[in-house]
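Overview (structure and organization)
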Amino acid sequence: MTEADVLVIGGGLHGTSSAFHMARRGAKVIVLEADYVARHSSGVNAGGVRTLGRPLPEIPLALMSREIWHGMTDLIGENGGFVASGQLKIAESEDDLEACRQRVALLEAQGFTHEKLVDRKTVLELEPAIAPHVTGGIWAERDGYALPFRTTNAFRRAAQRLGTRFLEGMPVKRIEQRGNRWIAQTPRGVFSAEKLLVSAGAWSGALAQQVGETVPVRPEGLMLMVTQRVAPFCRSTLLGTGRPLSFKQFDNGTVVIGGKLIGIADLPNRHGEVDFVRLVKSARTVTDLFPHLKHLGVNRAWAGVEAFIQDDLPVISASRAATNLYYSFGYCGSGFQLGPGCGKLVSELMLDGAPSLSLDAFAIDRFGRGASVH
Ligand SMILES: Cc1cc2nc3c(=O)[nH]c(=O)nc-3n(C[C@H](O)[C@H](O)[C@H](O)COP(=O)(O)OP(=O)(O)OC[C@H]3O[C@@H](n4cnc5c(N)ncnc54)[C@H](O)[C@@H]3O)c2cc1C
């Protein structure tokens with residue numbers, strides 16, 4: 001049996017970041033990954049580093065994580081390709097603009113000032129190539145984007161330098177607590193540690209179920225497409241208001257288009273599939289906003305398997321059914337930005353018992369009778 005202080009199940013960004021932050025505190029950590037690090041959502045997402053548009057309980061976490069993104073090189077020696085492009089939510093009608101106005105007023109009433117209401121003129125100054133029908137929007141200046149595969153592997157390398165072991169092709173089939181040790185069984189070995197973190201993305205629900213905790217988590221196949229190269233025309237990362245959109249142009253000229261577009265998630269076979277008909281809708285939004293892209297070809301489309309939870313908030317929590325068991329999963333299509341910060345909070349929760357920001361809104365027993373304690 002291979003021993004550690006902490007076992008982490010899942011080598012996505014939340015697993016690698018949590019492992020890094022725990023190793024930094026001196027813990028001996030082993031990460032068990034069923035496929036390879038960054039194989040799923042954490043390596044194939046849109047790379048949006050976005051505080052903009054978050055549910056209220058996530059905002060303090062997102063603002064804390066945002067500061068880590070801006071100082072990433074100091075923390076882990078690389079920046080994951082982070083570009084502080086700003087993110088701009090586009091209003092295309094008076095109704096959209098009113099929704100933006102109400103959102104910013106709601107945030108300001110709570111003391112948050114990171115989302116700024118902007119008028120049509122400002123939108124056109126920020127993005128001169130955009131279609132003239134826009135009516136305004138919301139601007140989050142310190143947001144941006146990064147490269148997901150590179151970021152997740154940057155955390156992995158930083159954790160490895162601190163002694164963390166990453167074992168790939170190591171699917172955990174069974175978890176159980178024997179005495180004061182957690183045991184994780186895989187087809188290629190048995191692992192043991194005092195503490196266990198389940199950060200297995202869309203596959204986490206089945207592991208929680210093994211200790212009797214039921215979470216309303218469901219997998220979705222989120223889709224993206226990337227276009228051929230085109231001359232630079234857009235600097236910020238764009239979001240829609242009345243219709244779904246997430247859109248950015250990389251320095252190499254390609255444009256990545258998404259916006260929580262749901263394809264097909266095949267959880268047992270561990271992959272996502274593209275639904276091309278649904279992709280067309282998103283392409284249309286883009287060509288409405290940037291008519292000059294009408295003839296641009298799409299190079300590639302893909303779908304990643306992501307964990308969604310009924311109330312659109314993740315589970316970041318100690319188990320209520322067993323001691324020394326922790327969860328961090330269910331990031332509902334927005335967990336990339338949160339990865340660096342949530343890893344730190346999870347390390348505080350697991351090593352100190354007290355995170356520096358409240359995680360009450362993300363407790364595993366918030367689903368009422370859904371969570372059974374035994
Ligand atoms: C197409 C797409 C676009 C997105 N765009 C954005 C965006 O722009 N901005 C943003 O903030 N977020 C975005 N997201 C969401 C973000 O990618 C996820 O919320 C985040 O990466 C989740 O990280 P994770 O570590 O929890 O899960 P994952 O990345 O899914 O990692 C979990 C890992 O656990 C492993 N695993 C599962 N079961 C086991 C087991 N039994 N044993 C061992 N290992 C196991 C898996 O193989 C996987 O590697 C997007 C997601 C997708 C799919």
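An account of the accompanying structure is given in this report. (Residues numbered from 1 in each chain as written. Predicted model: local features only at pLDDT ≥ 70, side-chain atom pairs only at ≥ 80, totals over all residues. Heavy atoms only, no water.)

1. Quick word on the overall build of the chain
The line we're drawing: By the criteria applied, helices consist of DSSP H or I runs no shorter than four residues and strands consist of E runs no shorter than two, each listed in order from the N terminus. Exposure classes here rest on a 1.4 Å probe applied to the protein chains alone. A residue is buried below 20% of its type maximum, exposed above 50%, and partly exposed in between. Pairs of residues are marked as contacts when any of their non-hydrogen atoms sit within 4.5 Å. Counted charges follow a simple rule, with Lys and Arg positive, Asp and Glu negative, and His plus the chain ends left uncounted. The location of each charge is read from NZ of Lys, CZ of Arg, CG of Asp or CD of Glu.
In terms of regular secondary structure, the chain is built from ten helices and 20 strands. Over its C-alpha atoms, taken along the principal directions, the chain stretches across nearly 65 × 45 × 40 Å. Relative to its full complement of 374 residues, the chain shows a buried share of 57%. In the chain, the proportion of contacts linking residues at least 24 apart, taken out of those at least 6 apart, comes to 75%. Across the chain, the centroid of the 41 positively charged side chains sits 4 Å from that of the 37 negatively charged ones.

2. Structural notes on the packing of helix 3 (residues 59-70) against helix 10 (residues 335-352)
Put simply, the rule reads: Axes, fitted as lines to C-alpha atoms, cover a helix only where it is in contact. Angles between the N-to-C directions of the axes lie from 0 to 180 degrees. The cut-offs work like this: below 35 degrees is roughly parallel, past 145 is roughly antiparallel, 65 to 115 is roughly perpendicular, and the gaps in between are oblique.
Two elements in contact, helix 3 and helix 10, have axes whose closest approach is 8 Å; the angle formed by their N-to-C orientations is 95°. One element, helix 3, and the other, helix 10, form an angle in the roughly perpendicular class. Contact with helix 3, carried on its side by L61, A62, M64, S65, R66, I68 and W69, involves F336, Q337, L338, G339, P340, G341, C342, K344 and L345 of helix 10 and no other residues of that element.

3. Some remarks on the environment of S204
Here S204 lies in helix 8 (residues 204-210). With relative accessibility at 0%, the residue S204 sits in the buried group. Sequence-wise, S204 and D74 are 130 residues apart; in three dimensions their C-alpha atoms are separated by 31 Å.

4. Let's talk about the nonpolar core
Definition in use: Buried Ala, Val, Leu, Ile, Met, Phe, Trp, Tyr and Cys residues that are joined via side-chain atoms within 4.5 Å together make up what is termed a nonpolar core.
In this structure, M22, V29, L61 and I316 are the most contacted members of the largest nonpolar core, which totals 40 residues. Contributing elements (two or more residues each) for this core: strand 1 (2-9), helix 1 (13-24), strand 2 (29-32), helix 3, helix 4 (72-76), helix 7 (148-161) and helix 10. In terms of residue count, helix 10 provides more of this core than any other element does, seven residues in total. Beyond its immediate chain neighbours, meaning those up to four positions away, V29 contacts V6, V8, A19, M22, A23, G163, T164 and R165. Of all hydrophobic cores here, the second largest spans 36 residues; its members include L32, A202, L207 and V315.

5. Looking at the site of the ligand
Defined as follows: Working definition: residue near molecule or strand if any one of its non-hydrogen atoms lies within 4 Å of it. Polar contacts here mean pairs of N or O atoms no more than 3.5 Å apart (in protein, one a potential hydrogen donor and the other a potential acceptor; neighbouring residues in sequence count only if both atoms are side-chain atoms). Note on areas: Shrake-Rupley, 1.4 Å probe, and residue coverage restricted to the protein chains presented here. As a working rule, the residues Ala, Val, Leu, Ile, Met, Phe, Trp, Tyr, Cys and Pro are called nonpolar, Asp, Glu, Lys and Arg charged, and the rest polar, with Gly in that last group.
Near the ligand you find 37 residues, and of these E33, S42, G48, R270 and E306 are the closest. The contact in question runs from an oxygen atom of the ligand to an N or O atom on the side chain of N45, over 3.0 Å. When the free accessible area of the ligand is taken as 1,000 Å², the share hidden by the protein chains comes to 96%. Among the residues making up the shell around the ligand, the classes are represented as 15 nonpolar, 17 polar and five charged.

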